[in-house]
Amino acid sequence: MEIIIKPTAAELAVVAAEAICEVYADNPAAVLGVATGSSPLPIYQELSLRVQAGSLSLRHAKAFQLDEYVGLPQDHPEAYHNFIRREFASITDIDPNQVYGEDGLAADLLEECRRYEQAIVDAGGIDIQILGIGVDGHIAFNEPGTSLNSLTHPAVLTAQTRRDNARFFSGDIDKVPTHALTQGVGTILRARKIVLLATGANKADAVRDMVEGPVSISCTGSALQLHNNVKVLLDEAAAAKLERQDFYREIYANRPQGAWLGL
Ligand code: F6R
């Protein structure tokens, strides 16, 4: 893991956008993995600026969502396909028909998960995946206890996650769906590159467990330690509980320009 600590989310978003631009400079038809929640929003803003400035085009790109709530009406603003359309697709030049997600209203949810996993494979796999991390260490909706080898599957959301996401549902936990369809940890580990952004003191424990804890189903983000191409982008508050902070800062300051440390 390459640990990058910077003062603001805006600065971290620049690092993420640069990594994404590098991928699209090599392959304009690359496949982007998109996350919902608050963490990736500054990245989408930064990508939008680059599209406007002409230094990035997603015209030939495909994008795949990490997850989708089960059972929200098609037009619900917090259904993740609507979130991604609003916060990402509408502010870049990606073709909205090339943005894919799980169908949380499918009659057969297991079959839908199989279909989605295969759709990612058929698209050639994800070239670069954007991630956030939950307070309980989840990536996508892989809650503690989920197999680190899991593929796309239906997931039960923990009370913690539903409380955290209630802010998107006028603060009412009862309005937050209880289930979601989510890429598995194994699906995420197949992405060729990963950029994970975490900010704020409420993420500090999860970040410590992800980066320095044992690889364990207790913190599914810890599986990223097994991937050789991950940038973990942190503000000072999210990095505060890392034991080896000085080491990460030193490596970053002295790294060969543009290198991914795992390669
Ligand atoms: C989003 C997702 C989640 C979030 C995580 C953090 O698609 O799958 O894992 O990344 O819950 O959410 P925020 O960024 O809102 O703190």
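Analysis parameters
Residues numbered from 1 in each chain as written. Predicted model: local features only at pLDDT ≥ 70, side-chain atom pairs only at ≥ 80, totals over all residues. Heavy atoms only, no water. UniProt positions renumbered as here; feature names shortened; annotations may be inferred. 1 Å grid on protein atoms, 1.4 Å probe; cavity = no way out; pocket = protein on both sides within 12 Å on 5 of 7 lines; lining within 4 Å. Points joined across faces, edges and corners; volume = space filled by probe spheres on them. Pairing = 2+ DSSP bridges. Helix = DSSP H or I, 4+ residues; strand = E, 2+ residues; numbered from the N terminus. Axes fitted to C-alpha atoms, helices over the stretch in contact; angles between N-to-C directions.

Naming follows an unreviewed UniProt entry, where the protein appears as Glucosamine-6-phosphate deaminase of Mobiluncus curtisii. Reading the Sequence similarities (unreviewed entry) entry of the UniProt record for the protein gives the comment "Belongs to the glucosamine/galactosamine-6-phosphate isomerase family. NagB subfamily."

S.K.: So, empty space enclosed by the protein: which residues are in play, and what are the values?
M.R.: Taken as a whole and judged by the stated rule, the model has 1 cavity of 30 Å³ or more. The volume enclosed by the largest cavity comes to roughly 50 Å³. In terms of lining residues, the largest cavity is bounded by Glu 68, Tyr 69, Gly 71, Leu 72, Gln 74, Ala 79, His 81, Asp 103, Gly 104 and Leu 105.

S.K.: An account of the sheet that holds strand E8 (residues 179-182) is requested, with residue identities and associated values reported.
M.R.: Pairing is antiparallel across the open sheet formed by 3 strands, whose spatial order is E4-E8-E7. Looking at which strands have only one partner, the edges of the open sheet turn out to be strand E4 (67-69) and strand E7 (153-156). When strand polarity is set aside, the average angle formed by the axes of neighbouring strands in this sheet is 30 degrees. In this structure, E4 lies alongside E8, joined through 3 bridges in antiparallel fashion. Looking at the pairing, Tyr 69 lines up with Ala 180 of E8.

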